[in-house]
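# Secondary and tertiary structure notes
This is what each chain is made of:
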Protein chains: 2
Amino acid sequence: MEISDTDKKFMLLAIEQAKIAESEGEVPIGAVVVCNGEVIGRGYNTKNSGKSALHHAEIKAIEDASSKIGDWRLDECSLYVTLEPCLMCSGAIIHARIRNVFFGAEEPKFGGVVSLAHTFDIEGLNHRVNYIGGLYVDEIQTMMKVFFRTIREKKK
Amino acid sequence: MEISDTDKKFMLLAIEQAKIAESEGEVPIGAVVVCNGEVIGRGYNTKNSGKSALHHAEIKAIEDASSKIGDWRLDECSLYVTLEPCLMCSGAIIHARIRNVFFGAEEPKFGGVVSLAHTFDIEGLNHRVNYIGGLYVDEIQTMMKVFFRTIREKKK
């Protein structure tokens, strides 16, 4: 898979979602679902305000897309997310039959695509997801670092 | 981990949830979350009616439990589910910090605990989940078979 200028444009929209999370005091992670060149789902991390461990950006974006088109199958769609999806979100992406995943920075502690596990490459899956990482890594890592630094300083 | 009579009682409540799914024309899968001997979350599969690939029994039960106690951390809780959790739900269980998982039948196509992957055993996870399968396997497999046979007959 290759990264086009259009892909970069959509990743900037995922970063925009991450910034909404940040402005609400949540870890800045954002995602968009794109189908036929159109954004049909948006989501950002609301783990704390939602009081749920499951309110990840990808889950919210997939739910948003599914409710918009009235179908759980998103097989013509691509997902853009600022961080490598975790195990749960990787599983959700497979269930939703998303075709392509573009992510930003890798997530060594929780990543389910290339870090902790290679979920999309498991033998025997009923659906194959294409994936590529590395979009806007510097910008995304800086955004995360600034967020956590601010949190630490507030705690002092 | 061993299976007690109390565990069997809670699995029967998960089977009850599965039967609600069945009565609504959904694949009969059910789950409950138990904390200090009390059921605090219930869920059943609503993939079709919910028009979302993410509406699995475990996710619903975890969301229900989290919203009941107002916290995403369920670290004193056990989850009982009729089928082996999929990759997504295994990831969700880890995020919610659930301590013990009891499941019924294995799921060769999607199972993320002992079938397609061994998610709970991945090295480097920040949370360890105890798990055991094999509760009421015959009853659960029969329930599934009857459901799919009925679906096939209706389609004829």
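Please refer to the structure higher up on the page.
### Let's talk about the relation of the copies chain B and chain A
For the pair chain B and chain A, the superposition axis carries a translation of 0.0 Å, the fit reaches an RMSD of 0.0 Å, and the rotation angle comes to 180°. Expressed as a symmetry operation, the mapping of one chain copy onto the other fits a two-fold axis. Within chain B, M88 of chain B has its C-alpha nearest the rotation axis, a separation of 2.0 Å. Comparing contact sets, 100% of the residues at the interface of chain B also lie at the interface in chain A, consistent with an isologous, same-surface contact.

### A word on the environment of V137 of chain B
Residue and element names in this part refer to chain B. Within the secondary structure layout, V137 lies in helix α4 (residues 137-155). On the accessibility criterion, V137 (24% relative accessible area) is partly exposed. Separated by 122 residues in the primary sequence, V137 and I15 have C-alpha atoms spaced 11 Å apart. Beyond its immediate sequence surroundings of up to four residues, V137 is in contact with G104 and A105.

### A closer look at the interface of chain B and chain A
Contact with chain B, which involves 33 residues of that partner, is made by 33 residues of chain A. A buried area of about 2,500 Å², summed over both sides, lies between chain B and chain A, and 71% of it is on carbon and sulfur atoms. When residues of chain B are sorted by the area they lose upon contact with chain A, L54, W72 and H95 of chain B head the list and together hold 24% of the total. Linking chain B with chain A are zero salt bridges. Joining chain B to chain A, the criterion identifies zero residue pairs in polar contact (both at pLDDT 80 or more). Elements represented by at least two residues in the side of chain B that touches chain A include exactly α2 (57-69) and α3 (87-95) of chain B. If one sorts the elements of the side of chain B that touches chain A by residue count, α3 of chain B sits on top with six residues. Of the residues contributing to the side of chain B that touches chain A, the split by class is 16 nonpolar, eleven polar and six charged.

### Observations regarding the sheet that holds strand β5 (residues 130-132) of chain B
All names here are of chain B. The sheet built from five strands is open, its strands ordered β2-β1-β3-β4-β5 with mixed pairing. The open sheet has two edge strands, β2 (38-44) and β5, and neither has a second partner. Adjacent strand axes in the sheet meet at a mean angle of 15°, parallel and antiparallel pairs treated alike. Here strand β1 (residues 30-35) pairs with β2 via six bridges, running antiparallel. What sits directly across from V32, in β2, is R42. Packing against the sheet, α4 makes contact with β3 (77-83) and β4 (100-105), and its axis sits at approximately 60° to β4.

Rules of the game
Residues numbered from 1 in each chain as written. Chains lettered and ligands numbered in written order. Predicted model: local features only at pLDDT ≥ 70, side-chain atom pairs only at ≥ 80, totals over all residues. Heavy atoms only, no water. Least-squares fit on C-alpha atoms with pLDDT ≥ 70 in both. Contact = heavy atoms within 4.5 Å. Helix = DSSP H or I, 4+ residues; strand = E, 2+ residues; numbered from the N terminus. Buried < 20%, exposed > 50% of the residue type's maximum accessible area, 1.4 Å probe, protein only. Buried area = accessible area lost by both parts, 1.4 Å probe. Salt bridge = Lys/Arg side-chain N within 4 Å of Asp/Glu carboxyl O. Polar contact = N/O pair within 3.5 Å; in protein donor to acceptor, adjacent residues only side chain to side chain. Nonpolar A, V, L, I, M, F, W, Y, C, P; charged D, E, K, R; others polar. Pairing = 2+ DSSP bridges. Axes fitted to C-alpha atoms, helices over the stretch in contact; angles between N-to-C directions.

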